[in-house]
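Breakdown of the fold
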Amino acid sequence: MLNFLIRRLAIALLTLLLITFVVYGLIRNTPGNPLTQELSRLDPGKVMKPEDFERLNKIYGLDKPWYVAYGTWLGNLAQFDLGRSFSRKRPVVDLITERMYPTLLLSISSLCITYLLAIPLGLFASARSGKVDERISSTLLYMLYSFPSFVAALFLQLYFAVRLGWLPLFGMVSDNHEHMSSWEQTVDLFRHALLPVTCYTYGSLAYYSRFIRANMHEVLRQDYIRTARAKGLGPIRVLVRHAFRNTLIPLVTLMGLTLPALLSGSIIIEQIFTWPGMGRLYFESIRERDYPTIMGLTLMFSVLTLAGQLLADFMYAVVDPRVRLDDR
Amino acid sequence: MALPIENRKSKIENVKKSAGFWKETWRQFRRRRLGMAALIFVGALTVTAILSPAIVGTRPIVCQYKGHLYFPCMGYFNPRWENPIFQIDKFRKRYPESLKAKDPASWAVWPLNYNDPYRRVYDNEWPDRAGNPTRDQGRPNTLNWFGTDQRGVDVFAQMVHGTRVALLVGILSMGIAAAIGIVIGALAGYFGGWADFALSRLVELVLCIPTLVLILALLAIIEQATIWHIMAIIGATSWTSIARLTRGEFLRLKEMDFVAAARTTGLGELRIIFRYILPNALAPVLVPITFGIAGAILTESALSFLGFGAPPPNPSWGTLLSAGRSNYQMWWLIFYPGLAIFFTVLAYNLIGEGLQEATDPRLREGGRA
């Protein structure tokens, strides 16, 4: 077990180095740099003096070739320093933690709702497998799964915010949020979060319930299910206690793999609802050529993705005694 | 042993040949109503894409002008295919009046709907036809079935001509992705060892960076990205699942007897990989490719929606959506293209689902649904 962990960690570290190196090279070689990008946003007539340009280039470390700058970045990283954002003039770590809460608010509430609804839905689908009501609900769920989330976001905005006027169109809080009582603030936040959470949830709901159904399908054909039925247990008891428990393993693995998605947010959904989360930060930092922020976010997502994979494998072995990691 | 050769031969011929893999798959697929409906939908979409200039446009499908036959509608596929004579004669893209004025004996066959995907139709451009409304006035009506956008360009025309981009993106970028994924997966799975280790790191590299971020970064490098660049970039970033699956298949297949047999006859490695193992590994890979087509179409419209799509004159469903976002009162800019994207993605997903059930014997008995 320990051997396996050490080997996997070493490989993950190597992958991380590779990823950051490639991404650093990629972004440093895109046309435009933080300075030019910022200037073009301000006033096209306002041109920086060449000596100022030189000076700033030096301060930001843009005068060095990119692989040297990567080395510097890596050195700082070893001292747990992700650098300061060029365009926002703040430490990258602060920026990321600040943007993390809005994204977590959406993704965690969506995850809870998904699990709460997907498990009963999946069980229902496997209990009524092949019946008319199951086929209709499964087809509907599949259509929902195929519904692109950004199209759904726009449709929801059109109907609930524009047509009916029930919910705010975008943003995370109202303009007068600060003057509200704490109860009103909560309600305000809830009203703003309702549509984005719906967009996050419906697709994964369909995916998870299909996933559960497919796994149940596999398990229900096993001999021990027949045994349980034969000894006279009720259908619900067989379904929940005997079958469903055995489908928990793949479900746990799936949880590990969705770990990065919890924090990454969705660029496009956050953009549509102008939600100040991680996805938007990523999008904006690419547009602004804000190298330290891009690198910080890339590092974070890569670590999470790799950790999620490792966790999934690890959990698999913990939950299922049949799996031995050393054998690989 | 005792039978004479002729007799043995006839015996073999008498055995009914079992259906081949593809025939069997088709037989299984045909039984699935939703899958077939989706296949028909994609077929109809393809026909729409090919016939788009004949369905809606402002250039005649075929016309006789000064004694010669021309096909000006071909200009929608490629501006060079529109005969230069119409530019020399100063038609200024207004065919109905110019044809009549410059050659009274001319005749023309027109598209079903007179509207242009690139520009507004002006007053009396077509005899007695009012011009397209501009700004937020263009609700769907009898002239503009799906309404018009802010500039007065017909939405239906943009959607029909946008079908070309959508389908092309799906097929071309997935073709690229499939080529990359299959080659990388095959090499990693067949050679194993260090090749596998290095290629698996490459897969993880692409996997760990959010796809949209990677695409945006790559698009930033190419300053003036055309639709072809976008297709290539989508293809170059969406091959990981194909590679993983191909690798798995190769790991399994390379231990089989027929590979050992091929090796003993002294065939080259490449020949064994591509002629012997690959055809056997192709079936399971086909499913993620079909799902990938849906994904590629989605990515393209998302990029256009974010404003990173093909440059403006190219009509795209995603571009319409982003136009709708700047003015929510114009619901028709969001509603119709949104539905088009949804149904296309759904159709490809259903085909993929059907293929999965048709090629996986464990799922076969389920049938239908």
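Residues numbered from 1 in each chain as written. Chains lettered and ligands numbered in written order. Predicted model: local features only at pLDDT ≥ 70, side-chain atom pairs only at ≥ 80, totals over all residues. Heavy atoms only, no water.

Digging into the overall build of chain B
When helices and strands are counted, chain B shows 15 helices and five strands. Expected size for 369 residues packed as a compact globule is a radius of gyration near 21 Å; at 26 Å, chain B overshoots this value by more than 25%. By principal-axis analysis of the C-alpha atoms, chain B measures approximately 90 × 55 × 45 Å. Taking all 369 residues of chain B together, the buried fraction comes to 50%. (Helix = DSSP H or I, 4+ residues; strand = E, 2+ residues; numbered from the N terminus. Rg over C-alpha atoms; globule rule 2.2 N^0.38 Å. Buried < 20%, exposed > 50% of the residue type's maximum accessible area, 1.4 Å probe, protein only.)

Focus on the overall build of chain A
Secondary structure assignment for chain A yields 15 helices and zero strands. Considering only C-alpha atoms, chain A reaches an extent of 85 × 60 × 35 Å along its principal axes. For chain A, with 328 residues in total, the buried portion stands at 45%. Counting only contacts in chain A whose residues sit at least 6 apart along the sequence, the fraction spanning at least 24 positions is 73%. In the form shown here, chain A has an accessible surface area of approximately 17200 Å², with 64% of it arising from carbon and sulfur atoms. Charge separation in chain A, taken as the distance between the mean sites of 34 positive and 25 negative side-chain charges, equals 10 Å. (Contact = heavy atoms within 4.5 Å. Areas by Shrake-Rupley, 256 points an atom, 1.4 Å probe, with all protein chains shown as cover. Lys, Arg positive; Asp, Glu negative; His and termini not counted. Charge placed at Lys NZ, Arg CZ, Asp CG, Glu CD.)

Details of the pattern of salt bridges
All names here are of chain A. Within the structure shown, the criterion is met by 14 salt bridges over all chains. One salt bridge connects E98 with R90, and the closest N-O pair in it is separated by 3.0 Å. Using a relative accessible area of 42% as the deciding quantity, one classes E98 as partly exposed. The exposure class of R90 is partly exposed, given its relative accessible area of 29%. (Salt bridge = Lys/Arg side-chain N within 4 Å of Asp/Glu carboxyl O.)

Focus: the interface of chain B and chain A
How large an interface is tends to be reported as the accessible area lost when its parts come together. Between chain B and chain A, the contact holds 46 residues from the first and 45 residues from the second. Here chain B meets chain A over a buried area of about 4000 Å², counting both sides, of which 78% is carbon and sulfur. On the chain B side of the interface with chain A, the three residues burying the most area are C208, Y328 and F342 of chain B, jointly 16% of the side's total. Counting across the interface, chain B meets chain A through one salt bridge. One salt bridge in this structure joins R210 of chain A and E353 of chain B, with 2.9 Å as the shortest N-O distance. (Buried area = accessible area lost by both parts, 1.4 Å probe.)

So, the sheet that holds strand β3 (residues 68–70) of chain B
Residue and element names in this part refer to chain B. Reading across from one edge, β3-β2-β4 is the order of the three strands in this open sheet, with antiparallel pairing throughout. The outermost strands of the open sheet, each flanked by one partner alone, are β3 and β4 (107–109). Averaged over all pairs of adjacent strands, the angle between strand axes in this sheet comes to 20 degrees, irrespective of strand direction. Here strand β2 (residues 62–65) pairs with β3 via three bridges, running antiparallel. Across the sheet, Y65 pairs through a bridge with H68, a residue of β3. (Pairing = 2+ DSSP bridges. Axes fitted to C-alpha atoms, helices over the stretch in contact; angles between N-to-C directions.)

A look at the domain arrangement of chain B
Residues and elements named next belong to chain B. Once the domains are mapped, chain B shows domain 1 (54–130) and domain 2 (156–368). Averaged C-alpha coordinates put domain 1 and domain 2 at centres separated by 38 Å. Of the roughly 710 Å² buried between domain 1 and domain 2 on both sides combined, carbon and sulfur atoms contribute 73%. Of all residues in domain 1, the largest losses of buried area upon contact with domain 2 belong to V56, P117 and Y118, amounting jointly to 62% of the total for that side. For the pair domain 1 and domain 2, the number of links is zero salt bridges. For the side of domain 1 that touches domain 2, a count of residues per class yields six nonpolar, two polar and one charged. (Domains from an automatic or database assignment. Nonpolar A, V, L, I, M, F, W, Y, C, P; charged D, E, K, R; others polar.)

A look at the side chain of S52 of chain B
Residues and elements named next belong to chain B. Tracing the backbone shows S52 in helix α3 (residues 33–55). In this structure the side chain of S52 is engaged in a polar contact, spanning 2.8 Å, whose partner is the side chain of R164. Beyond its immediate chain neighbours, meaning those up to four positions away, S52 contacts F77, V160, H161 and R164. (Polar contact = N/O pair within 3.5 Å; in protein donor to acceptor, adjacent residues only side chain to side chain.)

Structural notes on the nonpolar core
Most often, soluble globular proteins have nonpolar side chains that are buried together. F150 of chain A together with F250, L303 and L321 of chain B are the most contacted members of the largest nonpolar core, which has 138 residues in total. In terms of residue count, helix α12 (residues 269–306) of chain B provides more of this core than any other element does, 15 residues in total. Y208, I212, A243 and L251 of chain A belong to the second-largest nonpolar core, a separate cluster that totals 17 residues. (Core = buried A, V, L, I, M, F, W, Y, C linked by side-chain atoms within 4.5 Å.)

Observations regarding the packing of aromatic side chains
Enumeration over the complete set of coordinates arrives at 33 aromatic pairs over all chains. Residues F283 of chain A and F308 of chain B carry aromatic rings whose centres are separated by 5.8 Å and whose planes lie at 80 degrees to one another, so their mutual orientation is edge-to-face. Here F283 of chain A is found in helix α14 (residues 278–287), whereas its partner F308 of chain B is found in the loop between α12 and α13 (317–325) on a different chain. A relative accessible area of 2% means that F283 of chain A is categorised as buried. One residue, R59 of chain B, lies across the ring of Y76 of chain B, its end atom 4.2 Å from the ring centre. (Phe/Tyr/Trp six-rings, centres within 6.5 Å; stacked < 30°, edge-to-face > 60°. Lys NZ or Arg CZ within 6 Å of the ring centre and 35° of its normal.)

Comments concerning unusual backbone geometry
When glycine is set aside, most residues are seen to have a negative phi, and most peptide bonds are trans. Residues and elements named next belong to chain A. One non-glycine residue with positive phi stands out, namely F80, at about 60 degrees. Along the chain, F80 falls in the loop between α4 (66–78) and α5 (92–127). Given a relative accessible area of 79%, F80 falls into the exposed group. Non-glycine residue R289 carries a positive phi angle of around 55 degrees. Residue position: R289 is located in the loop between α14 and α15 (291–319). Since its relative accessible area comes to 11%, R289 is described here as buried.

Thoughts on the pairing of β2 of chain B
Residues and elements named next belong to chain B. In the sheet, β2 pairs with β4 via three bridges, with the strands oriented antiparallel. Bridging from a neighbouring strand, V62 pairs with V109 of β4. What sits between the antiparallel neighbours β2 and β3 is a turn of two residues, in which K66 has the positive phi angle 50 degrees.

Considering the confidence of the model for chain B
All names here are of chain B. When pLDDT is averaged across chain B, the result is 83; 93% of the residues are at 70 or more. The secondary structure element of chain B with the lowest average pLDDT is helix α1 (residues 5–14), at 60, and the one with the highest is helix α6 (residues 155–191), at 91. Across the predicted assembly, pTM comes out at 0.84 and ipTM at 0.81. (pLDDT = per-residue confidence, 0-100.)

What about the side chain of N215 of chain A?
All names here are of chain A. For N215, the position within the fold is in helix α8 (residues 182–219). In this structure N215 comes out as buried when scored by relative accessible area, which is 19%. If sequence neighbours within four positions are ignored, N215 has contacts with T247 and P250.

Some thoughts on a nonpolar patch on the surface
Residues and elements named next belong to chain A. Among the surface-exposed residues, L18, F21, V22, Y67 and V68 lie close enough to one another that they form a single nonpolar patch of about 410 Å² accessible area. Take F21: it is sitting in helix α1 (residues 2–28). Residue classification places F21 among the partly exposed positions, given a relative accessible area of 34%. (Patch = residues over 30% accessible without salt bridge, like charges linked within 9 Å, V, L, I, M, F, W, Y side chains within 5 Å.)

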